[in-house]
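Residues per chain are reported as follows:
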Amino acid sequence: MTQNSENPLALIIEDDPDAATIFSQALQAAEFEVETATTGTQALERLKYTAPAVVILDMHLPYVAGADILDYINTEPRLMKTQVIIITGDHELANDPALQQQGRVIQILVKPVIYSRLHDLAQLLKLSIKGGTP
Amino acid sequence: MLTSKTKRTKRMTRMTSVVSHWLDVPSTDPDDARRRKLLNILLAGIAALVLLALAATVIGNAAGLLTASERFLLYQTTILTLIGIAVIFAINRYWSGQIAGALFLLLLLAALAFSDEPKQVADGRALFLFSIPILTASVILRPWASFIAAGLSGLEISVIALRALQGIPPVPTILGLFAVALVSWISARTLERALADLRAINRELDHRVEERTRDLAEALSRNQAILEAIADGVIVFDTAGKATLANPAMAQLVDHPPEEIIGHDIKALANTKVNQEDLQVIGELLRDTHRDYPTLKLEWGRKTLSASFAPVRDDSGRRTGTVVVFRDFTREAEVERMKSAFVSSISHELRTPLNAILGYADMLKEGVYGPVVEKQAMALERIIVNGQRQLNIVNDLLDQAQIEAGTLKIKVAPFSPRDLVEDVTSLMEVLARSKGLTLTGHVANDVPDKLPGDRQRLRQILINLVDNAIKFTAEGSVQIQVYLPDARHWAMEVTDTGRGIPLEAQPYIFEPFRQVDDPTTREHAGSGLGLAIVKQLTNLMGGEVVLKSQVGHGSTFTIILPLVPIQEDLR
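All of these numbers come straight from a predicted model, not from anything done at the bench.

Undergrad: How would you summarise a negative patch on the surface if you had to cite specific residues and measurements?
TA: All names here are of chain B. On the surface, Asp206, Glu210, Glu211, Asp215 and Glu218 cluster together into a patch of negative charge. Structurally, the position occupied by Asp215 is in helix α8 (residues 171-229). In this structure Asp215 comes out as partly exposed when scored by relative accessible area, which is 44%.

Undergrad: Lay out the packing of helix α2 (residues 30-62) of chain B against α8 of chain B with the relevant residues and their values.
TA: A pair of packed helices can be characterised by two numbers: the angle between their axes and the separation between those axes. Residues and elements named next belong to chain B. In the contact formed by α2 and α8, the axes pass within 11 Å of each other and the chain directions differ by 130°. As judged from the angle between their axes, α2 and α8 are oblique. Crossing hand, α2 versus α8: right-handed. Judged by residue contacts, Pro30, Asp31, Arg34 and Arg35 of α2 engage Glu192, Leu195 and Arg199 from α8. Here the contact of α2 with α8 is composed, by residue class, of two nonpolar, no polar and five charged.

Undergrad: Talk me through the pattern of salt bridges; I want residue IDs and the actual numbers.
TA: Overall, the coordinates contain 20 salt bridges over all chains when judged by the stated rule. Residue Glu31 of chain A pairs with Lys126 of chain A through a salt bridge whose shortest N-O separation is 3.5 Å. Of this pair, Glu31 of chain A sits in the loop between α1 (17-29) and β2 (33-37) while Lys126 of chain A sits in helix α6 (residues 115-131); the two residues are 95 residues apart in sequence, bridging distant segments of the chain. We note a salt bridge from Arg34 of chain B to Glu192 of chain B, for which the minimum N-O separation is 3.2 Å.

Undergrad: Requested: an account of the side chain of Ser153 of chain B, with residues and values cited.
TA: For Ser153 of chain B, the location among the structural elements is in helix α7 (residues 145-165). A polar atom in the side chain of Ser153 of chain B sits 2.7 Å from the backbone oxygen of Ala149 of chain B.

Undergrad: Outline a nonpolar patch on the surface, supporting the account with residue identities and numerical values.
TA: A contiguous nonpolar patch, built from Ile79, Leu80, Ile83, Val87, Leu103 and Leu107 of chain B and spanning about 520 Å² of accessible area, is present on the exposed surface. When its relative accessible area of 48% is taken as the criterion, Ile83 of chain B is described as partly exposed.

Undergrad: Residues and numbers for the interface of chain A and chain B, please.
TA: Contacts between the two partners involve 14 residues from chain A, matched on the other side by 20 residues from chain B. Around 1,700 Å² of area is buried between chain A and chain B when both sides are counted, 55% of it from carbon and sulfur atoms. On inspection of chain A and its partner chain B, the count reaches zero salt bridges. At the junction of chain A and chain B, the tally comes to four residue pairs in polar contact (both at pLDDT 80 or more). Counting residues per element, the side of chain A that touches chain B draws most heavily on α1 of chain A, at four residues. Here the residues of the side of chain A that touches chain B are counted per class, giving four nonpolar, six polar and four charged.

Calculation criteria
Residues numbered from 1 in each chain as written. Chains lettered and ligands numbered in written order. Predicted model: local features only at pLDDT ≥ 70, side-chain atom pairs only at ≥ 80, totals over all residues. Heavy atoms only, no water. Patch = residues over 30% accessible without salt bridge, like charges linked within 9 Å, V, L, I, M, F, W, Y side chains within 5 Å. Areas by Shrake-Rupley, 256 points an atom, 1.4 Å probe, with all protein chains shown as cover. Salt bridge = Lys/Arg side-chain N within 4 Å of Asp/Glu carboxyl O. Lys, Arg positive; Asp, Glu negative; His and termini not counted. Charge placed at Lys NZ, Arg CZ, Asp CG, Glu CD. Helix = DSSP H or I, 4+ residues; strand = E, 2+ residues; numbered from the N terminus. Buried < 20%, exposed > 50% of the residue type's maximum accessible area, 1.4 Å probe, protein only. Axes fitted to C-alpha atoms, helices over the stretch in contact; angles between N-to-C directions. Parallel < 35°, antiparallel > 145°, perpendicular 65-115°, else oblique. Left-handed = near helix turned anticlockwise from the far one by under 90°. Contact = heavy atoms within 4.5 Å. Nonpolar A, V, L, I, M, F, W, Y, C, P; charged D, E, K, R; others polar. Polar contact = N/O pair within 3.5 Å; in protein donor to acceptor, adjacent residues only side chain to side chain. Buried area = accessible area lost by both parts, 1.4 Å probe.

If you want it as structure tokens, here you go:
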């Protein structure tokens, strides 16, 4: 799976396979190594063993809610440097100040998430990681 | 002390009723009853006098003041009189007032013959004595009976005069008697007529009271029938908050029989079935006399009820309580919930594949899957533009459904108007360019960096307005402007150089599913909800939409919103 071990890891947590494909294309194009989880359970399992530089998190997931995963990332010391991009179809959630003001959340994107937008965002993120300033 | 006074009053009342029981004579004719009662009163008065005379005789006899013949005469007279009174009383009470009255008068006249010296009777000095039977006749028999009494008196006097004086009858005395008879006839007749009038008035009054009572009873029973038949729960609380009336529907709604509801307050009725917050609101509405009485929706156990409040006032306008009408909304609420859930789920289902279409088209266009030639890029552009448009329609429908259901919430937080304009401009630029239009955005210098508002909803308003402007503009430009029209408001404005909106169409372009009726409308197909949502969202935010447009000279839509200070906790 790993093509270049120096590339930072991105974990995409998204139950819609089409959306997941679009997100991974955008992040791969920005030179991230990409892993995909299609359920919250699967995502939590992955997060036990890996410490991604960025998590693309769809808030609406079956079985385990996106909010619970966000809590886990916030409280797990191993994931201190992990940054989160939230994806949601819900305008109201995107506008929720409580979510906006979480330090880990660098962006909230409302569906449809345009490939080029996420690509641009990922490239900026990549630069900041390389530069060492989160 | 109080009790002894009450006792005395009670005893008096009982005595009065005993006396009036013996004086009253039951009769269907009120005149007859009155005359017979009057006769009884006269008899009682005379009896009392005779008894006094009898007592005086007894005392005089004991003192030895009387001779044997005097004693005999007095005893005989008094006892005979008492017997006569008793007989007349019995006749009057149990047989006929007329006969009793006639008998009384005859006895009276007979007694008068011995009232004085025959000479004095005959020469008229006893005239005043004879006016007694004349007056009495007019009131206890008939008014005209006074003349008969006068005639009899005159006859009696004449006989006495002829026998005692052997002279001529005393004509002036007899004439005087007839004059007295005339006066008493007139008085008695007037009195009887007045009484008859009074009785007629009383009868009329009784009749009216009866009629009103019947009307009232009818109205009451009609109201009662309405109250019993109505499907809504009706309950009336007094000013102390206790229930004074509840209809069967109310009993059914709260699952208590009416007798268990009456006398209790709302807290006891609701028990644990209503949450504290709603209970408090109900309590306030029951107490508050000045507020508007709105309709409240609340959960009551497993039911959803609406409650309408209205004050109850008496004739003088004083508030005596509150009537509350409860309606069972359980089914409607369930349908509403299902509809909302359905709309939101179908919107999600519609959006998911559209999002994928847009995402893949975008990736193709960006060359992710290899180089794209110009014609392919144009085709992809069309896919994206149309997909986006369809997505907007789905979003519009969802918003409209939420606005109608009242579930759409406005969340106010500080946002940057400059970011907003930039965001919308860059988003809509593609669409504008595809029609050869220029789209510009401008924020005036005096507009603060942060404004309070729901950024997402403001963005939606702006997108809808710009989309609409692009749709109806063939050439020229679309401009977005943000500025401060006065010290208390800020404004977002979208101006186009399109064909304008006719004056007669302007009032209804904000209605849902309405577009300007025009053959060209078809080619600009959309949900027809864009402007309706703009208006409804603006109103929800406490603002207003102003439209200035002239056919051939473009349109300007201005959204004016209150510039309320940003709240501390939102900063």
